[in-house]
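Structure assessment
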Amino acid sequence: MEQLGLEGMPRRLYPCTPSRLNTWLDCPRRYRMTYLDRPQPSRGLPWAHNSLGAAVHNALAGYWRLPVAARTPQAAGALLVRGWLTDGFRDAEQSRTWRERARVMVEEYAAGLDPEREPAGVERTVATRTEAIAFSGRIDRLDHRGDGLAVVDYKTGRRPLTQDDARGSLALALYAVAASRVLRRPCRTVELHHLPTRTVAVWEHTEESLARQLGRAEQIAAECADADESYRDGPAPRRVNGVVEHAPYDEVFPPRTGPLCGWCDFARHCPEGRAAAELKEPWAALADGERAVRPE
């Protein structure tokens, strides 16, 4: 049952995930289409890079579920092959090529793991609350580090990652805060494990930096909550030349146009986005330099 709004009562906690908050930052229109429009507008074709990323994540999660003696690089590669996803690839040949690349990538990464060093969590869901938000999210891997914990996030994109990426990640900071509260252990270390380059970008947060990221999340969530309320109530009234009109939804949820519009799942519903960037083929983000443009 929906809570009644009473004058002077505090606003109810805003439920959010890192994905929801980041979608609002990326593009309010895409946020509306993703979380508010029902029925949801039709999405574009699946992306090959998402299929690759999901298969790699699933294989590495499965690796840690094996008995310790069975945790070998070859076993990790076999899990990748068995769980390979073909959505978004140009054809069967391209899918096979990338399956082999991903298998090698996973095996090389697994070769650097200690199979006996059990993580504190794999695909671990954590949640926490503040006075403004109810946050939840799922961590790829949570490692023991001395008396504390470290958040590990796997990345498979073609762009190498830096310490600044780890430091500025809102999601990693929120995971660290939630993990610390759920497991009652310090968690300040966040890591981005970039499998294509076999590099790790690390940042060691302080209590102050985590508090700043938490405040940032609350600020974004407040903007989301205001936008959600505007959507439920309908376009806001305004007076133009003495006449009361209702502002269109685009004033609350404007498109944030740029080169990334070509990658948007809802690009077909966004004329501004299509004008800002050519639509990409589903396999365009693969790291072999294929950046095909989709015909209109």
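Here the structure is a predicted model, which means the values were calculated and not measured.

Our next topic: the overall build of the protein. When its secondary structure is counted, the protein shows 10 helices and eight strands. Relative to its full complement of 296 residues, the protein shows a buried share of 43%. Taking all contacts inside the protein whose residues are at least 6 apart in sequence as the whole, residues at least 24 apart take part in 64%.

On to the packing of aromatic side chains, then. One pass over the structure, following the stated rule, counts nine aromatic pairs. Seen from their ring centres, Trp24 and Tyr31 are 5.3 Å apart, and the 85° between their planes marks the pair as edge-to-face. In this structure Tyr31 comes out as buried when scored by relative accessible area, which is 0%. Both rings, one in Trp24 and one in Phe253, keep their centres 6.2 Å apart while their planes meet at 85°; by these two values the pair is edge-to-face. Linking Trp24 in helix H1 (residues 18-26) with Phe253 in the loop between helix H9 (249-252) and helix H10 (271-276), this pair joins segments that are 229 residues apart in sequence. Residues Trp24 and Phe253 agree in their burial class; the two are buried. Among the aromatic residues, those joined into a cluster by ring pairs are Trp24, Tyr31, Tyr35, Tyr231 and Phe253. One residue, Arg90, lies across the ring of Trp283, its end atom 5.9 Å from the ring centre. The positively charged end of Arg101 is found above the aromatic ring belonging to Trp98, 4.5 Å away from the centroid.

Turning to the pairing of strand E6 (residues 199-204), a few remarks are in order. Where strand E5 (residues 187-194) lies against E6, six bridges are found, and the strand directions are antiparallel. Within E6, the position partnered with Val190 by the bridge is Trp203. The hairpin formed by E5 and E6 contains four residues between the paired strands, and Arg198 there has a positive phi angle of roughly 55°.

Counted under the stated rule, the structure contains 18 salt bridges. Between Arg138 and Glu123 there is a salt bridge; the shortest N-O distance is 3.0 Å. Pair noted here: Arg138 is in strand E3 (residues 133-145) and Glu123 is in strand E2 (residues 121-129), with a separation of 15 residues, a long-range link. For Arg188, the salt bridge identified is with Glu207, shortest N-O distance 3.0 Å. Of this pair, Arg188 sits in strand E5 while Glu207 sits in helix H8 (residues 207-233), and the two are 19 residues apart along the sequence. Residue classification places Glu207 among the partly exposed residues on the basis of a relative accessible area of 46%. One salt-bridge network, in which partners are shared between bridges, spans Arg141, Asp143, Arg145 and Glu191.

Next up on the list: the nonpolar core. The biggest cluster of nonpolar side chains holds 38 residues, and the ones touching the most others in it are Leu21, Val151 and Tyr175. For this core, the elements supplying multiple residues, two or more each, are strand E1 (14-16), H1, helix H2 (28-36), E3, strand E4 (148-155), helix H7 (170-183), E5 and H8. Top contributing element to this core by residue count: H7, with 10 residues. Once residues within four sequence positions are removed from consideration, Val151 is found in contact with Ile139, Arg141, Leu142, Leu172, Tyr175, Ala176, Cys187, Thr189, Val190 and Glu191. Counting residues in each nonpolar core, the second largest holds 25 residues, with Leu60, Leu80, Trp98 and Leu286 among its members.

This paragraph deals with the pairing of E4. Among the eight residues of E4, seven are classified as buried, and the element is accordingly described as predominantly covered. Relative to E4, E3 runs antiparallel, the two being bridged by five bridges. Bridging across to E4, Arg145 finds its partner in Gly148. Linking E3 to E4, which pair antiparallel, is a turn of two residues; within it Gly146 sits at a positive phi near 60°.

Take the environment of Ala134 next. Counting through the fold element by element, Ala134 comes out in strand E3. Each residue touching Ala134, except ones within four places of it in the same chain, is listed here: Leu13, Tyr14, Pro15, Cys16, Thr128 and Arg129.

With 88% of its residues at a pLDDT of at least 70, the protein reaches an overall mean of 90. Per-residue pLDDT stays below 50 along residues 289-296; that stretch engages in 24 contacts with residues further than four places along the chain or on separate chains.

A few words on the side chain of Asp37. Looking at where Asp37 falls in the secondary structure, it is placed in the loop between H2 and helix H3 (48-65). In this structure the side chain of Asp37 is engaged in a polar contact, spanning 2.7 Å, whose partner is the side chain of Tyr231. Filtering out sequence-adjacent residues up to four positions away, Asp37 remains in contact with Arg32 and Tyr231.

It is worth spelling out unusual backbone geometry at this point. The omega torsion across Arg38 and Pro39 is 0°, close enough to zero to call that bond cis. Its place among the elements puts Pro39 in the loop between H2 and H3. Non-glycine residue Arg184 carries a positive phi angle of around 55°. Summarising the element assignment, Arg184 is placed in the loop between H7 and E5.

What counts as what
Residues numbered from 1 in each chain as written. Predicted model: local features only at pLDDT ≥ 70, side-chain atom pairs only at ≥ 80, totals over all residues. Heavy atoms only, no water. Helix = DSSP H or I, 4+ residues; strand = E, 2+ residues; numbered from the N terminus. Buried < 20%, exposed > 50% of the residue type's maximum accessible area, 1.4 Å probe, protein only. Contact = heavy atoms within 4.5 Å. Phe/Tyr/Trp six-rings, centres within 6.5 Å; stacked < 30°, edge-to-face > 60°. Lys NZ or Arg CZ within 6 Å of the ring centre and 35° of its normal. Pairing = 2+ DSSP bridges. Salt bridge = Lys/Arg side-chain N within 4 Å of Asp/Glu carboxyl O. Core = buried A, V, L, I, M, F, W, Y, C linked by side-chain atoms within 4.5 Å. pLDDT = per-residue confidence, 0-100. Polar contact = N/O pair within 3.5 Å; in protein donor to acceptor, adjacent residues only side chain to side chain.

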